[in-house]
Amino acid sequence: QKEVEQDPGPLSVPEGAIVSLNCTYSNSAFQYFMWYRQYSRKGPELLMYTYSSGNKEDGRFTAQVDKSSKYISLFIRDSQPSDSATYLCAMTGGSYIPTFGRGTSLIVHP
Amino acid sequence: GAVVSQHPSRVICKSGTSVKIECRSLDFQATTMFWYRQFPKKSLMLMATSNEGSKATYEQGVEKDKFLINHASLTLSTLTVTSAHPEDSSFYICSASPGTENSPLHFGNGTRLTVT
């Protein structure tokens, strides 16, 4: 079992939909959780960074962490075609080096 | 803030030649930078950790003599792919963190290397 599991998709949704992206993990030492967005042929861009269980909101994005279930989510409201990208979850337990999921490819069609 | 700049964005070279990729932290100092490799539709694979003023730490299976890393200052790390072969063609991405060990990494925009 990989430390971080993430469905690669692709996930295809219509414009305006609410998108839910998820990762599960097995290492209970993970305490810091990140979501990155990566457009094709670009480096990953940090979207959200959270520490504790619960929700964190930033504009149309909400990150949710459930440490008891070892499950994290990223919600995108009012999705736009420009949100089409690969979304990578990442987590760390106190190291510079995060463990990444394999990324979920999201396609938002007009 | 926390901008990481990587250059060049794309390079094509012939087999047997060497290619240098630069990674700069523009608005912060980074004692540690990281080099990743990414294959199409795959996640990031950590190649090495670049430490300012000391030798890089390579991940298992990464040839340190092929992928030379130099971290000469707190804002610059370079990756040199020596004697490049077509199988070295890939997307290379550097990253750095402006804060403590728990701070998230910020990534450069990557370098697409094609070896012909």
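Here, the structure is the one placed above.
## Focus on the overall build of chain A
Along chain A, the regular secondary structure elements total zero helices and eleven strands. Overall, chain A shows an N-to-C arrangement of helices and strands of β-β-β-β-β-β-β-β-β-β-β. Its C-alpha atoms give chain A a radius of gyration of 13 Å, within 12% of the compact-globule value 13 Å for 110 residues. Across its three principal directions, the C-alpha atoms of chain A cover 40 × 30 × 25 Å. Restricting to contacts in chain A with at least 6 residues of sequence separation, those with at least 24 account for 53%. Total accessible area on chain A is roughly 5200 Å²; 48% of this is exposed by carbon and sulfur atoms.

## Thoughts on empty space enclosed by the protein
Per the counting criterion, the structure on display carries one cavity of 30 Å³ or more. By volume, the largest cavity is sized at about 30 Å³. Lining the largest cavity, in full, are A:Met34, A:Thr92, A:Ser95, A:Tyr96, A:Ile97, A:Pro98, B:Ser103, B:Pro104 and B:Leu105. Residue classes in the lining of the largest cavity are distributed as six nonpolar, three polar and no charged.

## Some points on the layout of surface pockets
There is about 540 Å³ of room inside the largest pocket. A:Thr86, B:Phe39, B:Pro40, B:Lys41 and B:Lys42 are the residues nearest the centre of the largest pocket, which is lined by 22 residues in total. Where the lining of the largest pocket is concerned, the elements lending two or more residues are strand E9 (85–92) and strand E11 (104–109) of chain A. No other element matches the three residues that E9(A) contributes to the lining of the largest pocket. Along the lines of polarity and charge, the residues of the lining of the largest pocket split into eight nonpolar, eight polar and six charged. The wall of the second largest pocket is formed by A:Lys2, A:Glu3, A:Val4, A:Glu5, A:Gln6, A:Thr99, A:Phe100, A:Gly101, A:Arg102, B:Lys42 and B:Ser43. Those elements that provide at least two residues to the lining of the second largest pocket are strand E1 (4–5) and strand E10 (99–100) of chain A. Residue composition of the lining of the second largest pocket, grouped by class: two nonpolar, four polar and five charged.

## Notes on the interface of chain A and chain B
Residue-level contacts link 19 residues of chain A with 28 residues of chain B. Surface buried jointly by chain A and chain B totals about 1900 Å² across both partners, of which 57% is contributed by carbon and sulfur atoms. When the buried surface of chain A facing chain B is broken down by residue, A:Arg41, A:Tyr96 and A:Ile97 rank first, second and third, together holding 35% of it. At the boundary of chain A and chain B, one finds zero salt bridges. The interface formed by chain A and chain B includes four residue pairs in polar contact (both at pLDDT 80 or more). Those elements that place two or more of their residues in the side of chain A that touches chain B are strand E4 (32–38) and strand E5 (45–50) of chain A. When residues of the side of chain A that touches chain B are assigned to their parent elements, the largest contribution, four residues, is made by E4(A).

## Details of the environment of A:Gln64
Residue and element names in this part refer to chain A. When you line up the elements, Gln-64 lands in strand E7 (residues 61–66). The exposure class of Gln-64 is partly exposed, given its relative accessible area of 31%. A distance of 3.1 Å separates a polar atom in the side chain of Gln-64 from a polar atom in the side chain of Asn-55.

How each quantity is defined
Residues numbered from 1 in each chain as written. Chains lettered and ligands numbered in written order. Predicted model: local features only at pLDDT ≥ 70, side-chain atom pairs only at ≥ 80, totals over all residues. Heavy atoms only, no water. Helix = DSSP H or I, 4+ residues; strand = E, 2+ residues; numbered from the N terminus. Rg over C-alpha atoms; globule rule 2.2 N^0.38 Å. Contact = heavy atoms within 4.5 Å. Areas by Shrake-Rupley, 256 points an atom, 1.4 Å probe, with all protein chains shown as cover. 1 Å grid on protein atoms, 1.4 Å probe; cavity = no way out; pocket = protein on both sides within 12 Å on 5 of 7 lines; lining within 4 Å. Points joined across faces, edges and corners; volume = space filled by probe spheres on them. Nonpolar A, V, L, I, M, F, W, Y, C, P; charged D, E, K, R; others polar. Buried area = accessible area lost by both parts, 1.4 Å probe. Salt bridge = Lys/Arg side-chain N within 4 Å of Asp/Glu carboxyl O. Polar contact = N/O pair within 3.5 Å; in protein donor to acceptor, adjacent residues only side chain to side chain. Buried < 20%, exposed > 50% of the residue type's maximum accessible area, 1.4 Å probe, protein only.

Purely geometric stuff here, so don't read any function into it on its own.
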